[in-house]
Amino acid sequence: MSNYNADVIVVGAGPAGSTAAYFLARAGVDVLLVEKNHFPRDKACGDSVAPGAVEVLERMGLLDWVEQQGYVRQTGLFLSSPNLTSVRIFPTRTARLPAYLIPRLELDERLAQQAVSAGARLLEGTLVERLARMGPNEVRLFARRAGQMLELTCRLVLAADGPHQSFTRSLGMVFSPPDAVAVRRYYEGVEGEPGLLELHWEKSVLPAYGFIFHMGNGRANVGTGMFARDFHRLKPNLHELLDRFANNNPYARKSLQNARPLGRATGMPFRDDAERIHPVADNVLLVGEAAGVGHPMSGEGIGSAMRSAELAAQTALDALQQGDVSARGLSDYARRFHAEFDAWHQSALLARSLLTYPSAVNMAIRAAARRHEVATLLHDILLGLVSPAEMLKPGVALQVLLAGTVL
Ligand SMILES: Cc1cc2nc3c(=O)[nH]c(=O)nc-3n(C[C@H](O)[C@H](O)[C@H](O)COP(=O)(O)OP(=O)(O)OC[C@H]3O[C@@H](n4cnc5c(N)ncnc54)[C@H](O)[C@@H]3O)c2cc1C
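What counts and how
- Residues numbered from 1 in each chain as written.
- Predicted model: local features only at pLDDT ≥ 70, side-chain atom pairs only at ≥ 80, totals over all residues.
- Heavy atoms only, no water.
- Salt bridge = Lys/Arg side-chain N within 4 Å of Asp/Glu carboxyl O.
- Buried < 20%, exposed > 50% of the residue type's maximum accessible area, 1.4 Å probe, protein only.
- Near = heavy atom within 4 Å.
- Polar contact = N/O pair within 3.5 Å; in protein donor to acceptor, adjacent residues only side chain to side chain.
- Helix = DSSP H or I, 4+ residues; strand = E, 2+ residues; numbered from the N terminus.
- Nonpolar A, V, L, I, M, F, W, Y, C, P; charged D, E, K, R; others polar.
- Domains from an automatic or database assignment.
- Pairing = 2+ DSSP bridges.
- Axes fitted to C-alpha atoms, helices over the stretch in contact; angles between N-to-C directions.
- Contact = heavy atoms within 4.5 Å.
- Buried area = accessible area lost by both parts, 1.4 Å probe.
- Parallel < 35°, antiparallel > 145°, perpendicular 65-115°, else oblique.
- Left-handed = near helix turned anticlockwise from the far one by under 90°.

A. Representation of the pattern of salt bridges in the model. Per the stated rule, a full pass over the model turns up 22 salt bridges. Put simply, Glu67 and Arg73 hold a salt bridge, and the shortest N to O gap is 2.9 Å. Under the relative-accessibility criterion, Arg73 is labelled partly exposed at 44%. With its nearest N and O atoms 4.0 Å apart, the salt bridge here joins Arg276 to Glu275. The class of Arg276 is exposed, set by a relative accessible area of 58%. Under the relative-accessibility criterion, Glu275 is labelled buried at 18%. A single network of salt bridges, built from pairs that share partners, joins Arg59, Arg307, Glu310 and Glu340.

Given below as structure tokens:
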């Protein structure tokens, strides 16, 4: 016997899941949003909400909330390279909306509430474990809540369970492990400009970068990352990984000289292999980082998770109206998904592989310090406003080479 019924069940109430549930519920679909944790719940993240994410927040009617809460607007970037060349870049005019810093503890709870305000039902503390197809129009999910088994029935499932994805894995739709692991910790008493994003390509953490995102009132979110293959080989604990950046980088040492850590360092895998994933199966769509939409170069993933959710919700609506939730009826999502993410991902992967060479990072940051156009382009790429392919175009690459070479 089924405990819950809905037309659509969304598994995971992160930015992807709540966004999808919101757009479906707003269109009148009966949606159940299932989350294994209870809100408010934290998520390891830098809390940078880039303009692309803010655009989706606007479409969800949440821009006033962002402003009323007084979340810090981003004031630009401070970048440094392994040879300690640095550049300060102010926000460009490319984005229509500003970027913000919003703690995930608050953002994710508000997104889930917005889905509920639109009519979605939210089931917290419920871990979805596996799926069984009962017929072309019926799927049963088996879940666990407070030690009890639950059965949930629907026509269509949106898997938005993020990069850990034990549920998505059980569907057999994602094969490779996540590409990277990232870690972060909050500090108080940090020196620096509220709203500034510091990114340091510190030698000891290359090809990842270390970040210090100034949240205001002396608080900062400090983090770094590592590729999964190195992580599994070296097995650093998360504190060591963070300390490697915080203790070795002179800019970090200066910002954090009087700072105190707030709580523990927390880490999460990071998935950015969207171009290799087929996000559609009979009765199922994969959404957000479960489908590998993280930005391979910047590590940004909130905006792309929300964007993939919007695309999935549009396809789901059409398929429900047509009465065909087979892989064929849902195939438009795969087309839109790959049109949205593949080209960006491929060029970002190429740019990222160049950035494993300290000399290439030194050159790019020196060029940005010398040429305003290069600085603007780097800013827009890192904030997800422009494809990294722009930096790889022969004319631009030549400009970086000329301006970035020491003379
Ligand atoms: C250290 C670090 C720093 C980062 N910094 C930034 C940044 O500054 N800006 C940015 O844009 N991105 C950043 N990212 C990436 C960003 O956090 C993710 O891309 C984003 O959270 C993806 O959203 P999502 O909704 O797809 O998945 P998630 O946010 O992971 O949400 C998945 C949800 O599903 C739930 N869930 C999982 N399994 C189940 C299940 N079986 N049943 C029920 N519920 C389940 C989880 O509890 C969670 O609530 C960072 C990542 C890391 C690790």
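Additional details are given in the paragraphs that follow.
B. The arrangement of the site of the ligand in detail. Neighbouring the ligand are 38 residues, the closest being Glu35, Arg41, Gly46, Ser48 and Glu289. Take Arg41: an N or O atom from its side chain is 2.8 Å from an oxygen atom of the ligand. If one sorts the elements of the shell around the ligand by residue count, strand 10 (residues 126-135) sits on top with three residues. Taken together, the residues that form the shell around the ligand break down as 19 nonpolar, 10 polar and nine charged. Composition of the shell around the ligand by domain shows at least three residues from each of domain 1 (4-47 + 103-176 + 273-347) and domain 2 (180-270).

C. Representation of the sheet that holds strand 17 (residues 219-227) within the structure. Here we have seven strands laid out as an open sheet, ordered 7-6-15-16-17-14-18, and mixed in their pairing. Each having just a single partner strand, strand 7 (86-89) and strand 18 (260-270) make up the two edges of the open sheet. Ignoring strand direction, the axes of neighbouring strands in this sheet form an average angle of 15°. As paired elements, strand 16 (residues 210-216) and strand 17 share five bridges and run antiparallel to each other. Paired with Gly216 across the bridge in strand 17 is Arg219. In the packing of helix 11 (residues 358-370) onto the sheet, contacts are made with strand 6 (76-80) and strand 7, and the angle to strand 7 comes to roughly 50°.

D. Representation of the domain arrangement of the protein. Segmenting the protein into domains produces domain 1 (4-47 + 103-176 + 273-347), domain 2 (180-270) and domain 3 (352-404). One C-alpha centre belongs to domain 2, the other to domain 3; they are set 23 Å apart. At the junction of the two partners, domain 2 supplies five residues and domain 3 supplies seven residues. For the pair domain 2 and domain 3, the summed buried area comes to about 600 Å², and 86% of that belongs to carbon and sulfur atoms. Among the residues of domain 2 in contact with domain 3, Trp201, Leu206 and Phe227 are the three that bury the most area, contributing 67% of the side total. Scanning the region where domain 2 abuts domain 3 turns up zero salt bridges. Scanning the region where domain 2 abuts domain 3 turns up zero residue pairs in polar contact (both at pLDDT 80 or more). Split into classes, the residues belonging to the side of domain 2 that touches domain 3 amount to five nonpolar, no polar and no charged.

E. Spotlight on helix 12 (residues 372-382). Summarising burial for helix 12: eight of the 11 residues are buried, a large majority. Taken together, the buried positions of helix 12 are Val374, Ala375, Leu377, Leu378, His379, Asp380, Ile381 and Leu382. In this structure, the buried side of helix 12 is in contact with strand 6, strand 7, strand 15 (196-200), helix 11, helix 13 (389-392) and helix 14 (394-404). Just past helix 12, the residue Gly384 takes up positive phi, approximately 75°.

F. Expanded view of the packing of helix 9 (residues 302-322) against helix 10 (residues 331-354). One way to put it is that helix 9 packs onto helix 10 with a least axis distance of 9 Å and a crossing angle of 155°. Judged by the angle between their axes, helix 9 and helix 10 are roughly antiparallel. When you trace helix 9 past helix 10, the crossing you get is right-handed. On helix 10, the residues touching Ser304, Arg307, Ser308, Leu311, Ala312, Gln314, Thr315 and Asp318 of helix 9 are Asp332, Tyr333, Arg336, Phe337, Glu340 and Phe341. Grouping the amino acids of the contact of helix 9 with helix 10 by side-chain chemistry returns five nonpolar, four polar and five charged.

G. Representation of unusual backbone geometry. In the segment running from Phe39 into Pro40, the intervening peptide bond is cis, with an omega of -5°. Here Pro40 lies in the loop between strand 3 (31-34) and strand 4 (48-49). A positive phi angle, close to 70°, is found at Asp47, a residue other than glycine. Within the fold, Asp47 resides in the loop between strand 3 and strand 4.

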